[in-house]
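Here are the chains, one letter per residue:
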Amino acid sequence: EEPCISGSRGSGTVFFSGCPLLCAFCQNEPVSHGCFGREVTGAGLMKGFRQLIDQGVHNINLVSPTHYARALYPLLEKPLPVPVVWNSGGYERPEVLRAFAGRVQVYLPDLKYVDGRLAQTLSGAPDYFAWTSAALKEMYRQVGPPVLDGEGLIRRGLIVRHLILPGCVEDSMRALDFIAKELPGAWVSLMAQYMP
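To start, this report covers the structure provided alongside it.

Thresholds, definitions, all that
Residues numbered from 1 in each chain as written. Predicted model: local features only at pLDDT ≥ 70, side-chain atom pairs only at ≥ 80, totals over all residues. Heavy atoms only, no water. Helix = DSSP H or I, 4+ residues; strand = E, 2+ residues; numbered from the N terminus. Rg over C-alpha atoms; globule rule 2.2 N^0.38 Å. Buried < 20%, exposed > 50% of the residue type's maximum accessible area, 1.4 Å probe, protein only. Areas by Shrake-Rupley, 256 points an atom, 1.4 Å probe, with all protein chains shown as cover. Lys, Arg positive; Asp, Glu negative; His and termini not counted. Charge placed at Lys NZ, Arg CZ, Asp CG, Glu CD. Salt bridge = Lys/Arg side-chain N within 4 Å of Asp/Glu carboxyl O. Core = buried A, V, L, I, M, F, W, Y, C linked by side-chain atoms within 4.5 Å. Contact = heavy atoms within 4.5 Å. Pairing = 2+ DSSP bridges. Right-handed = clockwise from strand over helix to strand, strands pointing away. Polar contact = N/O pair within 3.5 Å; in protein donor to acceptor, adjacent residues only side chain to side chain. Expected span 1.5 Å × (residues − 1). Arc of directions from axis to C-beta. Phe/Tyr/Trp six-rings, centres within 6.5 Å; stacked < 30°, edge-to-face > 60°.

## Remarks on the overall build of the protein
- Assigned secondary structure in the protein consists of eight helices and seven strands.
- For a compact globule of 196 residues, the expected C-alpha radius of gyration is about 16 Å, and the protein comes in at 16 Å, within 12% of that figure.
- With the principal axes as the frame, the protein shows a C-alpha extent of 45 × 40 × 30 Å.
- A burial count over the protein gives 51% of its 196 residues as buried.
- On the protein, roughly 10,000 Å² of surface is accessible, and the fraction owed to carbon and sulfur atoms is 55%.
- Taken together, the 18 basic and 18 acidic charged side chains of the protein have centroids lying 6 Å from each other.

Set out below in structure tokens:
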């Protein structure tokens, strides 16, 4: 993860099986597409959070939690002693995110595309930007730009990840323009993808 998230003791990353997107370049394919994992109860999941916190992690990092929102909601009612990171593909319903206001301190979404044809071809989601742009605005409304502690670790805020795809620089520029105009002060984490 980004240095302000992983720090010196690591991020307490919890992967959730499945994903609302079908990205052709997914780096977590066995978990996201293959639904690899095991079933746990809410109590079991909370026990896992506590074990990670006891090991000294800087945060609890929920990866692809969107489709488990109903189960996560009651677990996050009482604040954890470390920030909760909502780490997603960005393809979210703003009303679901609104329910998590105050329960999530850090949002770490992707903004993969602006172009609907590109989103359809690579993720099976032609409406990706319409939903994601609204979701990112809601995330920003809740947590604003990043706030770091004295050790340089994020305590609250929005960091948007963007993957620069080969031959798609124009779409990347549109994505960055959206972030600059609509999410002032939000950080951007850029990555590049090689596709043969």
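## Description of the pattern of salt bridges
- Applying the stated criterion across every chain yields a total of 10 salt bridges.
- A cluster of three or more residues bridged by salt bridges with shared partners is formed by Glu 1, Glu 2 and Arg 161.

## Quick notes on the nonpolar core
- Ranked by size, the top nonpolar core spans 49 residues in total, and within it Phe 49 and Leu 62 carry the most contacts.
- At the level of secondary structure, the elements contributing two or more residues to this core comprise α3 (42-54), β2 (60-63), α4 (69-75), β3 (84-88), α6 (116-123), α7 (128-143), β6 (154-164) and α8 (169-182).
- Ranked by the residues each element gives to this core, the list is headed by α7, at six residues.
- What Phe 49 contacts, discounting residues up to four positions off in sequence, is Val 14, Ile 60, Leu 62, Leu 72, Leu 76 and Leu 80.

## Some points on the pairing of strand β4 (residues 106-109)
- Residues of β4 alternate between two faces, with Val 106 and Leu 108 on one and Tyr 107 and Pro 109 on the opposite face, all of them buried.
- By the bridge criterion, four bridges tie β3 to β4 in an arrangement that is parallel. Bridging from a neighbouring strand, Asn 87 pairs with Leu 108 of β4.
- Crossover β3 to β4 through helix α5 (residues 94-99) is right-handed.
- Of the strand pairs in this sheet, β4 and β6 are connected by two bridges, and their pairing is parallel.

## Describing the environment of Phe 49
- Tracing the chain through its elements places Phe 49 in helix α3.
- Looking at Phe 49, the relative accessible area reads 0%, which means it is buried.

## Focus on unusual backbone geometry
- Of note in the backbone geometry, Ser 64 takes a positive phi value of approximately 55° without being a glycine.
- By secondary structure assignment, the location of Ser 64 is in the loop between β2 and α4.

## Examining the environment of Lys 112
- For Lys 112, the position within the fold is in the loop between β4 and α6.
- Residue Lys 112 is classed as buried on the basis of its relative accessible area of 11%.
- Excluding residues that lie within four positions of it along the chain, Lys 112 makes contacts with Leu 21, Cys 23, Phe 25, Gly 89, Ser 123, Tyr 128, His 162, Leu 163 and Asp 171.
- Side-chain polar atoms of Lys 112 contact the side chain of Asp 110, separated by 2.8 Å.

## Digging into α8
- The end-to-end C-alpha distance of α8, which contains 14 residues, comes to 20 Å, matching closely the 20 Å that a straight helix rising 1.5 Å per residue would cover.
- Listing the buried residues of α8 in full gives Asp 171, Ser 172, Ala 175, Phe 178 and Ile 179. Viewed end-on, α8 has its buried residues packed into an arc of 120°, placing them on one side of the element. Facing away from the buried side of α8 by over 90 degrees, the exposed positions are Glu 170, Met 173, Ala 180 and Lys 181.

## A short note on the packing of aromatic side chains
- Following the criterion strictly, the structure yields seven aromatic pairs and no others.
- Between Trp 86 and Phe 100, the ring centres sit 4.9 Å apart and the planes meet at 50°, which makes this aromatic pair tilted. Taken as a pair, Trp 86 in strand β3 and Phe 100 in the loop between α5 and β4 lie far apart in primary sequence, 14 residues in all.
- By relative accessible area, Phe 100 is classed as buried at 2%.
- Through successive ring pairs, a cluster of aromatic residues spans Phe 25, Tyr 91, Tyr 113 and Tyr 128.

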